[in-house]
Protein chains: 2
Amino acid sequence: MISNEKPLRALLGERGIKPTYQRLAILAEVLDRRSHPAIKDLHFGLKTKVPTLSKTTLYSTLELFARHGLVRTLRIDPVEARYDGWTAPHHHFHCERCGAILDLNLACPTGRRGCIDGHEIREVHGYFRGVCRSCLAGAASSASPKRGAARAALVKHPSRRYQHA
Amino acid sequence: MISNEKPLRALLGERGIKPTYQRLAILAEVLDRRSHPAIKDLHFGLKTKVPTLSKTTLYSTLELFARHGLVRTLRIDPVEARYDGWTAPHHHFHCERCGAILDLNLACPTGRRGCIDGHEIREVHGYFRGVCRSCLAGAASSASPKRGAARAALVKHPSRRYQHA
DNA sequence: TTTTCATTTGAAATCATTTCAATTTGGATT
DNA sequence: AATCCAAATTGAAATGATTTCAAATGAAAA
């Protein structure tokens, strides 16, 4: 019952990852989302399709995927890891008001690899922080996120932490 | 008993921050370190000078400093926040072996401010991850850090998490 | 001195992440 | 189909950074 199952199986197969039901579902979910979901968002989103799915499996599976370049782990949110199914080089913006993480179109050496100062570069992240367009437009009100440098409120499709009750 | 106290007082004074003994000590410590210490490192490093210093004070004080541009909060280490007393725009490299965070000399728009795609940019971070020069040189052995994507061992001046017992 | 207000403190709570042992699964073999 | 085995999954417990909170302290003003 996983939509688009064929190409997903292929994606895993190419990397020698056994295509279990959970893995296919997780991969489908993370590739389908543009909002850079956190573990708990994926857990919530998958609970209908895979009711028994544990967070432990989510953690280990996403680490597996990241290791094989299927997803990127974003550490821009101080509270929790966010996952990105779009692996082409691009930058990210984190709104400190609503917590949304947005893709940025910006020429930059995110694709840069090789060595710098003798260090072997394996990942490059351009992290921009500030207040997003919607929040600037006065979009929403206040209700402070509990942790991190972020302040005020919600809007959009952010990590659940930033949403109203 | 805080070395270099005068200029530190000035730094705080300019920003209207009351120069308490704790704040002066914390500021001195964070400015003096090149290793991007975590809270626990600062706590450890200050315990002689300020034996009663609580982590709560460290957290709140560093947040205060960050808000006033005296330090930068780095989120490149998945486990804990690291603090940087060097506020000029520059990039960072995180070694996934030993956990060290190193400054990179690299022309890049870390200084970029203003708006992108309508979002107001307040901070820019260039995060590079990989294996540092020392670790590549076969520097140290193995003893896995407990969390994060990082694997193997220690070396250098990393967050205590990555050090041998 | 007394009042007042900000700062500091330590203990407890929160919560993402990791660890771990037990269970389940699915493929291979009989 | 039944059995076996290694890998995958699970849930519960542990870990540890960070936050919350109320009480204690300190320092300046009245």
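1. Considering the overall build of chain A
When its secondary structure is counted, chain A shows 5 helices and 6 strands. Along chain A, helices and strands appear, N-terminal first, in the series α-α-α-α-β-β-β-β-β-β-α. Expressed as a percentage of the 165 residues in chain A, the buried residues total 47%. In chain A, 50% of the contacts between residues at least 6 apart in sequence involve partners at least 24 apart. In the structure as shown, chain A presents an accessible area of about 8000 Å², 51% of it carried by carbon and sulfur atoms.

2. Some details on the relation of the copies chain A and chain B
The pair of chain copies shares a relation made of a rotation about an axis and a shift along it. Note on the copies: chain A fits chain B at an RMSD of 0.0 Å, the axial shift is 0.0 Å, and the rotation between them is 180 degrees. Here the copies are linked by what is in effect a two-fold axis. Considering only C-alpha atoms, the residue of chain A closest to the rotation axis is A:G126, which sits at 2.4 Å. When you check the interface residues of chain A against chain B, 100% turn up at the interface there too, and the contact is symmetric in its surfaces.

3. A word on the interface of chain A and chain B
Note: interface size is frequently given as the accessible area lost on complex formation between the parts. On the chain B side, the residues contacting the 34 residues of chain A number 34 residues. Buried surface at the junction of chain A and chain B, both sides included, amounts to about 3200 Å², of which 54% is carbon and sulfur. Ranking the residues of chain A by area buried against chain B places A:R75, A:H119 and A:R129 at the top, with a combined share of 20%. Here chain A is connected to chain B by 2 salt bridges. Across the pair B:R122 and A:E96 runs a salt bridge whose closest N-O atoms are separated by 2.7 Å. Considering each element in turn, the side of chain A that touches chain B owes the most residues, 13 residues, to strand β6 (residues 119-131) of chain A. In this structure, β6(A) lies alongside strand β6 (residues 119-131) of chain B, joined through 11 bridges in antiparallel fashion. Of the residues in β6(B), the one forming a bridge with A:R129 is B:E123.

4. Structural notes on the packing of aromatic side chains
All told, the structure shown has 1 aromatic pair over all chains when counted by the stated rule. Note on A:Y127 and B:Y127: the rings are 5.3 Å apart at their centroids and 85 degrees apart in plane angle, and the pair reads as edge-to-face. Here A:Y127, found in strand β6, pairs with B:Y127, found in strand β6, and the two come from separate chains. Neither residue differs from the other here; A:Y127 and B:Y127 are each classed as buried.

Calculation criteria
- Residues numbered from 1 in each chain as written.
- Chains lettered and ligands numbered in written order.
- Predicted model: local features only at pLDDT ≥ 70, side-chain atom pairs only at ≥ 80, totals over all residues.
- Heavy atoms only, no water.
- Helix = DSSP H or I, 4+ residues; strand = E, 2+ residues; numbered from the N terminus.
- Buried < 20%, exposed > 50% of the residue type's maximum accessible area, 1.4 Å probe, protein only.
- Contact = heavy atoms within 4.5 Å.
- Areas by Shrake-Rupley, 256 points an atom, 1.4 Å probe, with all protein chains shown as cover.
- Least-squares fit on C-alpha atoms with pLDDT ≥ 70 in both.
- Buried area = accessible area lost by both parts, 1.4 Å probe.
- Salt bridge = Lys/Arg side-chain N within 4 Å of Asp/Glu carboxyl O.
- Pairing = 2+ DSSP bridges.
- Phe/Tyr/Trp six-rings, centres within 6.5 Å; stacked < 30°, edge-to-face > 60°.

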